[in-house]
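One letter stands for each residue in the lines below.
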Amino acid sequence: MAKHVNFLASDSLQGRGFTSKIPALEIAADYLEATVGKMGLQYKGNGYSQNFKLFESGKDEENTFLKIFDNRKDRVFSRDKFVVLNQKPVVVDIEGELVFIGFGWNDDNSGFDELAGLELKDKVVLISAGTPESYKGEFSHHWNNSLERNKTDKIFHAGARAVILITSIQDKENKTFGQISRWANNPEYSLEKTISDIENHLVIATPEVADAILGKKGRWKKTLQKIVNKEEPVSFVAKNKIQLRSAKKVEEKNGRNIIGYVEGSDADLKEECIVFMAHYDHLGMNTNGEIFNGADDNASGTATLLEIARAFNQTEEKPKRSIVFLWVTAEEVGLIGSEYYSKNPVFPLEKTVACINLDMVGRVYEPRDSVWAHSPKPVKPFQEIYTLVNDFNPDLKKIAETACSTLNLTPDFSLPDNFFYSSDHYHFHRNEVPILNLSTGYTADYHQPTDDADRINFDKMKKVAELCYLVGIAMANN
Ligand SMILES: [Zn+2]
């Protein structure tokens, strides 16, 4: 297992992601395929690889800009000054009359209503984040998403074509904008070349852009101040016209799951199976060139799975049901490899009696991990393990409990339900397959460049492998 982890989590594999500069996911998949091939695991179809296409949608610099037609000189803002949400993989042009309506705020108690009596159909609407009340108060970096959503929903409901939402003028360093822009600029991945069906174009920009729209530096602040001082709405049509162009670039990527199996020994029951699963991808590299090696997440599960496969393959008296080993890709970008498998399983999901997912199984608590003390899943000491289980087959929990006690491990079944969505087991859970997710928990190195092989506890991984073997045998013969 150490050999596998040391290879998969070495710098030369550049973090096994779509952002790696080399085809790192292909290299990792080749390694898995070669290893299971040498073992002699069985496969269905043409080989161990399950190939598919997925789509990466990211920024389209060329086709994203905001142009302001000023009677003196036109100004063009590129996408580092604003963010468009709900972008589509086609070029969308929005031109129209631009209406300023303050904070876009209405307050049922006081009767203050900035939307009252306005015709907003097909208009581009300009508003400030927050409310007149929050403008007066101390600035907090907290972005009140439900407030902003509430406000923009009403404006879109009134027929607006787009909303330009300006971040708080009190946010001098544009921290909020920076956060939103970082979040919105991450590429998205999906199995479908999705065209967002949301027609509402929401633009987030800074007060600098608002000043340019209003035609003069400082006018934005002055205008908001007027509303706040007079405690009454101010709205007007801006003199300058705008053009908003927005698009996303979509690129096709290759996805590859690796699947091998050991056939069951019972003529009928061998049509059923237990699936052992682990994702082999990780985060790749960031824009600074730092590598996220993902030794625990999830070279540990990947390597453990290889040796569980070897153990079942070498077992002379094969269990009654078949045992499937599934290494999935693209977990970190949205559980996509497992989604593809769940839609194209090699053994039907109705005949899959359990799915056991290994995701981060290589670490033991160290004092520095106390950064996660308040998380619901801090890394466990050596003798303990997280055992998330659903109740589609109550035997699975009993079997896991028995196997843990045989190995002197204390299982923790107490993780909250949101962990059903946290990793690849989700797509089996969703299809009512009994699932068991084994994990040693979050360490201080979780999703950090420091998740390295030298921090892995291989004795713990061995325990997890033994646990899987016992659970697998019991479930396969039950
Ligand atoms: Zn993971």
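Residues numbered from 1 in each chain as written. Predicted model: local features only at pLDDT ≥ 70, side-chain atom pairs only at ≥ 80, totals over all residues.

Attention now goes to the overall build of the protein. Each helix and strand counted, the protein has 12 helices and 21 strands in total. In terms of its C-alpha atoms, the protein occupies a principal-axis envelope of roughly 85 × 40 × 40 Å. Within the protein, the proportion of its 478 residues that are buried is 45%. Looking at the protein alone, contacts between residues at least 24 apart form 83% of all its contacts between residues at least 6 apart. (Helix = DSSP H or I, 4+ residues; strand = E, 2+ residues; numbered from the N terminus. Buried ≥ 20, exposed ≤ 12 C-beta atoms within 10 Å, placed from the backbone. Contact = placed C-beta atoms within 7 Å.)

Looking now at the domain arrangement of the protein. Domain boundaries assigned for the protein yield domain 1 (2–55 + 250–477) and domain 2 (61–246). Each of domain 1 and domain 2 has a C-alpha centre, and these two points are 44 Å apart. Facing nine residues of domain 1, the contacting portion of domain 2 comprises five residues. Breaking the side of domain 1 that touches domain 2 down by element, the ones donating at least two residues are β1 (49–59) and α9 (336–343). (Domains from an automatic or database assignment.)

Attention shifts here to the sheet that holds strand β5 (residues 92–96). Ordered in space as β3-β2-β12-β5, the four strands form an open sheet in which the pairing is antiparallel. The open sheet terminates on both sides in strands that have one partner only, identified here as β3 (75–78) and β5. Strand after strand, the sheet turns through a mean of 15° between neighbouring axes, direction not considered. Where strand β2 (residues 65–69) meets strand β12 (residues 241–246), five bridges bridge the pair, whose relative direction is antiparallel. Bridge assignment links L66 to a residue of β12, and that residue is L244. (Pairing = 2+ DSSP bridges. Axes fitted to C-alpha atoms, helices over the stretch in contact; angles between N-to-C directions.)

Okay, helix α8 (residues 295–314) next. With 20 residues, α8 extends 27 Å from end C-alpha to end C-alpha; this agrees with the ideal 28 Å at 1.5 Å per step. Counting buried residues in α8 gives 15 out of 20 residues, a clear majority hidden from the surface. (Expected span 1.5 Å × (residues − 1).)

Leaving glycine out, the prevailing phi sign among residues is negative, and the prevailing peptide bond configuration is trans. Of note, the amide linkage connecting D297 to N298 takes the cis form, showing an omega dihedral of 0°. Within the secondary structure, N298 sits in helix α8. Notably, A330 is not glycine yet its phi reads approximately 55°, a positive angle. Within the secondary structure, A330 sits in the loop between β17 (322–328) and α9. Assessed through the 28 C-beta atoms surrounding it within 10 Å, A330 is described here as buried. The phi torsion at M360 lies on the positive side, around 70°, for a residue other than glycine. By the secondary structure assignment, M360 is in the loop between β18 (352–358) and β19 (384–389).

What follows deals with the pairing of strand β7 (residues 124–128). Within β7, five of the five residues are buried, which leaves it mostly tucked inside the rest of the structure. Burial along β7 is two-sided: the residues V124, L126 and S128 and V125 and I127 are all buried. Pairing of strand β6 (residues 98–100) with β7 involves three bridges; the strand directions are parallel. Within β7, the position partnered with F100 by the bridge is L126. Alignment of β7 against strand β8 (residues 162–166), held across five bridges, turns out to be parallel. In the sheet register, L126 faces β8, and the bridge partner there is I164.

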